[in-house]
Amino acid sequence: VLAVRPRIIVCGGGASGYAAAISAKQCAHEIDVICLESASRPLKKVLISGGGRCNVMHNSDIEISSLVENYPRGKRELLGPFTKRWGPQETRAWFEETLGVELK
């Protein structure tokens with residue numbers, strides 16, 4: 001009998017999909033993580049953003065209440081996720097401390 005190794009499949013090879021895949025692998029090293037993307041090149045939009053330098057964020061020190069005021073669809077949709085779990089400071093820390101990618 002062949003042993004089947006557990007795996008996680010992430011649908012979407014964009015920035016969020018890759019972030020989810022990286023986080024999943026960090027939490028469970030023994031599990032295979034696979035990203036599925038329908039476009040011809042994963043992360044294509046990331047290359048376009050920021051003039052090819054990947055524009056992650058403008059200012060991680062900005063207050064969340066100010067940040068959500070600039071969200072075009074309304075601040076209510078962002079207040080919960082940003083104030084409870086993952087804000088600008090956590091984003092910067094994830095890139096710099098977890099991935100070793102310095103943000104400017």
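Higher on the page you've got the structure.
Let me begin by describing the structure that accompanies this report. (Residues numbered from 1 in each chain as written. Predicted model: local features only at pLDDT ≥ 70, side-chain atom pairs only at ≥ 80, totals over all residues. Heavy atoms only, no water.)

Before going further, it helps to spend a moment on the overall build of the chain. Regarding its fold elements, the chain presents five helices and two strands. Counted from the first residue to the last, the chain has its helices and strands arranged as β-α-β-α-α-α-α. Taking all 104 residues of the chain together, the buried fraction comes to 16%. Contacts spanning at least 24 positions in sequence make up 54% of the contacts within the chain whose residues lie at least 6 apart. As presented, the chain carries roughly 8,100 Å² of accessible surface, and 56% of it is formed by carbon and sulfur atoms. (Helix = DSSP H or I, 4+ residues; strand = E, 2+ residues; numbered from the N terminus. Buried < 20%, exposed > 50% of the residue type's maximum accessible area, 1.4 Å probe, protein only. Contact = heavy atoms within 4.5 Å. Areas by Shrake-Rupley, 256 points an atom, 1.4 Å probe, with all protein chains shown as cover.)

To continue, consider the pattern of salt bridges. In this structure the tally under the stated criterion is two salt bridges. Between R5 and D32 there is a salt bridge whose closest N-O contact spans 3.3 Å. Remark: D32 occurs in strand 2 (residues 32-36) and R5 occurs in the segment before strand 1 (7-11); sequence separation between them is 27 residues. For R5, a relative accessible area of 45% gives the class partly exposed. (Salt bridge = Lys/Arg side-chain N within 4 Å of Asp/Glu carboxyl O.)

Another point: the environment of T91. As for its placement among the helices and strands, T91 is situated in helix 5 (residues 88-98). Separated by 31 residues in sequence, T91 and S60 have C-alpha atoms that sit 8.0 Å apart. When sequence neighbours within four positions are dropped, the list of residues in contact with T91 reads V56, M57 and W86.

As a further point, take the environment of A20. Note on placement: A20 falls in helix 1 (residues 15-27). Distance from A20 to C35, taken between C-alpha atoms, is 9.3 Å for residues 15 residues apart in sequence.

Alignment of strand 1 against strand 2, held across five bridges, turns out to be parallel. Looking at strand 2, one finds that R7 is bridged to D32. At this point the chain moves from strand 1, through helix 1, to the parallel strand 2, and the crossover so formed is right-handed. (Pairing = 2+ DSSP bridges. Right-handed = clockwise from strand over helix to strand, strands pointing away.)

Moving on, we get to unusual backbone geometry. Phi at L43 takes a positive value of approximately 60°, unusual for a residue other than glycine. Following the sequence through the fold, L43 ends up in the loop between strand 2 and helix 2 (44-48). According to the relative accessible area criterion, L43 is partly exposed, its value standing at 28%.

Looking only at helix 5, the buried set comprises P88, T91 and W94. Viewed end-on, helix 5 has its buried residues packed into an arc of 130°, placing them on one side of the element. In this structure, the buried residues of helix 5 make contact with helix 1 and helix 3 (64-69). In the stretch just after helix 5, G100 is the one whose phi turns positive, near 75°. (Arc of directions from axis to C-beta.)

Further remarks concern the packing of aromatic side chains. Summed over the entire model, instances satisfying the criterion amount to one aromatic pair. Note on W94 and F95: the rings are 5.2 Å apart at their centroids and 85° apart in plane angle, and the pair reads as edge-to-face. (Phe/Tyr/Trp six-rings, centres within 6.5 Å; stacked < 30°, edge-to-face > 60°.)

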